Amino acid sequence: MPVPSLEADLRAAREAAGVSIEQIQHETRIPADVVQRFEAGKLLSDPAFNDVYLKAFLRAYAGAVGLPPNRVVDAYTAYRAGTYRGELNPDAPEPPPPAPEPAAPAEATAPAAEGAAPPPATEAPVPPPAEKAPAVAALSRAPEPVPPPRPTAAPNEHFPKRRVAPAASVSAPRSFDRSWGTIIGVTAAFVLAVAAILWLLFRDATPEPERTEAPAAADTAAVSDTTAGADTTAATPTQTAGPALTLPIRVAVLAGGDGLQAFRATEIPDARRPHWVEPGEELVLESNEGVILWGEGAEGMDPDEVTLRWQGFEWRPQEGQILRITPQNGQHLLDSLQAAGARRAAAAPTP
């Protein structure tokens, strides 16, 4: 006769009670795959699960399927000893009642002599209450990790909390950060290099004007007519004042020679920009804040190619001159031009 299987009898008891493996997992927090391995007969023979754990497991399992925990533990002990006979199988026949004890001899059942005290009645021993299932120790080895508890579930009283070891790949974020740092650094260096190259290619080599007060007109230009130049003697305070300065400042540049190629001029506050003027044509510059005449490239203006006209005056600049005309120095420049014209008229022979 084959030896009954404890696991198969407990599985039959669970199915007879209508309890699913998922319900056992929800109630006891024992993983479903562990319950399945037990019912398949693979848990009791596994050396990784010691006797203490198996008894705690059986108590929790018995409470979930409605069996007395002590009875299941006793059946497990008998199973280990080889004396288990299928007492937990719900389909097993009831064991036969014990045979009646033989009747006591007549002398033993005779009434006691008069005056003898009757023997005290003995009470049947009261069985101790069913012991509550203890906490099941943490699994030493399991095929799958224990799923995390639900946020709303009550804390599990069967399993103690376990410390989770840190992940082995903690260095991955650092490598990722170093890669991003390298990419950002290389990109920034590339952008700076491109900006430097563009600046060298498109920068304006024309020198900036000196940071000094604008000189008087007689110090920077000579008054002339359409055919000849004039001297550059400075005007004195006693000489005749020129016309009143009018705004906006409107200066005309007449191109001579072979024309003006990239003649640079600034109409403040606009940026400096080049102009191309054909020979005999006129470039008119206008601004309320000032006009700066830089000339061609970085050499300043050439009197053989540039003639200036402004508020009735016409003159040629000095060689390499950069002329600034603003509301602050404009009137002084007009006075100097007027004085230079007066001196030229006085020096001219009378007919």
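Above: the structure in question.
Conventions we followed
- Residue numbering note: each chain is counted from 1, following its sequence as written.
- Since the coordinates come from a predicted model, pLDDT governs what is reported: local features require at least 70, and pairs of side-chain atoms require 80 or more to be given and counted, while whole-chain, interface and lining totals use all residues.
- Each side-chain value is derived from all of the structure's non-hydrogen atoms; neither hydrogens nor water enter the calculation.
- Note on ring pairs: Phe, Tyr and Trp rings are taken, using the six-membered ring of Trp, and paired if centres are within 6.5 Å. Classes follow the plane angle, with under 30 degrees stacked, over 60 edge-to-face and the rest tilted.
- Every helix listed is a DSSP run of H or I at least four residues long, and every strand listed is a run of E at least two residues long, numbered separately from the N terminus.
- Buried residues are those whose accessible area, probed at 1.4 Å on protein chains only, stays under 20% of the maximum for their type, while exposed residues exceed 50% and partly exposed ones sit between those limits.
- Here, the term nonpolar core denotes a set of buried Ala, Val, Leu, Ile, Met, Phe, Trp, Tyr and Cys residues that are joined through side-chain atoms within 4.5 Å.
- In what follows, a contact means two residues having at least one pair of non-hydrogen atoms within 4.5 Å.
- In this analysis, strands are considered paired if DSSP registers two or more bridges between them.
- Between N-to-C directions, angles span 0 to 180 degrees; the directions come from axes that are lines fitted to C-alpha atoms, helices contributing only their stretch in contact.

## A word on the packing of aromatic side chains
Move 1: Under the counting rule described, the total for this entry stands at six aromatic pairs.
Move 2: Centroid distance Phe38 to Phe57: 5.0 Å. Interplanar angle 65°. Geometry classified as edge-to-face. Of this pair, Phe38 sits in helix 3 (residues 32-39) while Phe57 sits in helix 4 (residues 51-65), and the two are 19 residues apart along the sequence. Here the two residues Phe38 and Phe57 agree in accessibility, since each one is buried.

## Quick word on the nonpolar core
Move 1: Ranked by internal contacts, the top residues of the largest apolar core, which has 30 residues, are Leu6, Leu10, Phe38, Phe57 and Tyr61.
Move 2: Listing elements by their share of this core, those giving two or more residues are helix 1 (6-17), helix 2 (21-28), helix 3, helix 4 and helix 5 (69-81).
Move 3: Top element by residues in this core is helix 4. It accounts for nine residues.
Move 4: Sequence-distant contacts of Phe38, that is, excluding residues within four places in its chain, are made with Glu7, Leu10, Leu43, Leu44, Phe57, Leu58 and Tyr61.
Move 5: With 23 residues, the next largest nonpolar core counts Ile249, Leu260, Ala265 and Phe313 among its residues.

## Quick look at the sheet that holds strand 6 (residues 291-296)
Move 1: Within the open sheet, the four strands sit side by side as 4-3-6-9. Their pairing is antiparallel. Looking at which strands have only one partner, the edges of the open sheet turn out to be strand 4 (273-277) and strand 9 (323-325). Strand-to-strand twist across the sheet, computed as the mean angle between neighbouring axes with direction ignored, equals 25°.
Move 2: Bridging between strand 3 (residues 260-267) and strand 4 involves four bridges; their strand directions are antiparallel.

So yeah, pure geometry; function would need other evidence.
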